[in-house]
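So you can see what is in the structure, the chains are spelled out below.
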Amino acid sequence: MALDNAPSWQPLLTPEFSKPYMQQLREFLQQRKSQQVRIYPRSNDWFHALEATPLEQVKVVIIGQDPYHQPGQAHGLCFSVRPGVRVPPSLVNIYKELESDLGIRPVNHGYLESWARQGVLLLNAVLTVEDSSANAHQGRGWEAFTDRIIHLVNDQCEHVVFMLWGSYAQKKGAFIDTSKHLVLKSPHPSPLSAHRGFFGCHHFSKANAWLQSQGLASIDWQLPERVEPA
């Protein structure tokens, strides 16, 4: 595990890799691999959220729980799937809210890379999962690592919008300094809860209005119509 392709994060997060929790996590992942367990995403995508969104460019943070656990889906950005993969139900609902909020018509893919490249940190709390086994790596150490990432954004950045969807994300972001950041809360976009207040939350327009009020460029939430298969 290394952050060679995330230079802005590397000096701040490298100390985490020598801590006992990370050593235990590394041993656990190596053990599971040796047992021929299929782990998603592939190892060179574990830190893709950090690679795609440098610390100094973070404008928005969206917190997910753990990666998708079916083949070919996860690639290191929460809620996002590789080109050519069916759009998952939660992301379908995110697209519905985008259309209602900003008039952005849904695209036929779920690849959110263009958001990440504009400064939207798409961070899962847990960065790995096992095939067909949701939450398989919860409580193994990733949470401490991603807590550190959120603390860094909270401390080092100014005027960031945190979109906390669901109770899990809201607990994880409970310490965020609301005197300098905007915290937006709603139910999770899952089909189980989206109708309880995710629909109609207007987080995307609120985020852009906040960024503009702070003299920052807004996010273009319109995804490209076509992307090449990964």
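Above this text sits the structure in question.
Residues numbered from 1 in each chain as written. Predicted model: local features only at pLDDT ≥ 70, side-chain atom pairs only at ≥ 80, totals over all residues. Heavy atoms only, no water.

Caption draft 1: Region of the structure containing helix α2 (residues 20-34). End to end, α2 covers 21 Å across 15 residues, agreeing with the expected 21 Å (1.5 Å per residue, within 8%). Listed as buried for α2 are Tyr21, Met22, Leu25, Phe28 and Leu29. Here the buried residues of α2 occupy an arc of 120° about the axis, which is enough to place them on one side. Away from its buried face, by an angle of more than 90 degrees, α2 presents the exposed residues Pro20, Gln24, Glu27 and Ser34. Residues of α2 that are buried make contact with β1 (39-40), β4 (129-130) and α6 (142-156). Taken from the residues just after α2, Gln36 is the one with a positive phi, measuring 65°. (Helix = DSSP H or I, 4+ residues; strand = E, 2+ residues; numbered from the N terminus. Expected span 1.5 Å × (residues − 1). Buried < 20%, exposed > 50% of the residue type's maximum accessible area, 1.4 Å probe, protein only. Arc of directions from axis to C-beta. Contact = heavy atoms within 4.5 Å.)

Caption draft 2: Representation of the packing of aromatic side chains in the model. Applying the stated criterion across every chain, the model contains 13 aromatic pairs. When the ring of Phe17 is compared with that of Phe47, the centres are 5.9 Å apart and the planes differ by 75°; the resulting orientation is edge-to-face. Here the residue Phe17 occupies a position in the loop between α1 (10-13) and α2, and Phe47 occupies one in the loop between β1 and α3 (48-52), the gap between them amounting to 30 residues. Residues Phe204 and Trp221 carry aromatic rings whose centres are separated by 4.9 Å and whose planes lie at 75° to one another, so their mutual orientation is edge-to-face. Of this pair, Phe204 sits in helix α8 (residues 203-213) while Trp221 sits in the segment after α8; the two residues are 17 residues apart in sequence, bridging distant segments of the chain. Exposure class is identical for Phe204 and Trp221. Each is buried. Each residue in the set Phe79, Trp115, Trp165, Phe198, Phe199, Phe204 and Trp221 is aromatic and connected to the rest through ring pairs, giving one cluster. (Phe/Tyr/Trp six-rings, centres within 6.5 Å; stacked < 30°, edge-to-face > 60°.)

Caption draft 3: Representation of the environment of Trp46 within the structure. Inspection of the secondary structure puts Trp46 in the loop between β1 and α3. Residues Trp46 and Arg105, spaced 59 residues apart in sequence, show a C-alpha to C-alpha distance of 30 Å. When sequence neighbours within four positions are dropped, the list of residues in contact with Trp46 reads Met1, Leu29, Lys33, Ile39, Pro41, Leu127, Thr128 and Trp142. Of the polar contacts made by the side chain of Trp46, one reaches the backbone oxygen of Pro41; its length is 3.0 Å. (Polar contact = N/O pair within 3.5 Å; in protein donor to acceptor, adjacent residues only side chain to side chain.)

Caption draft 4: Representation of the state of the cysteines in the model. Scanning the model with the defined rule gives 0 disulfides in all. Free cysteine Cys78: the closest other cysteine sulfur is in Cys201, separated by 14 Å. Looking at Cys201, the relative accessible area reads 7%, which means it is buried. (Disulfide = S-S within 2.5 Å.)

Caption draft 5: Spatial organisation of unusual backbone geometry. Cis geometry is found at the peptide bond from Tyr40 to Pro41, where omega equals -10°. In this fold, Pro41 is placed in the loop between β1 and α3. Although it is not a glycine, His159 adopts a positive phi angle of roughly 60°. Assignment of secondary structure puts His159 in the loop between α6 and β5 (161-165). Classification of His159 as partly exposed rests on a relative accessible area of 26%. Positive phi outside glycine occurs at His202, with the angle close to 60°. Relative to the helices and strands, His202 resides in the loop between β6 (182-186) and α8.

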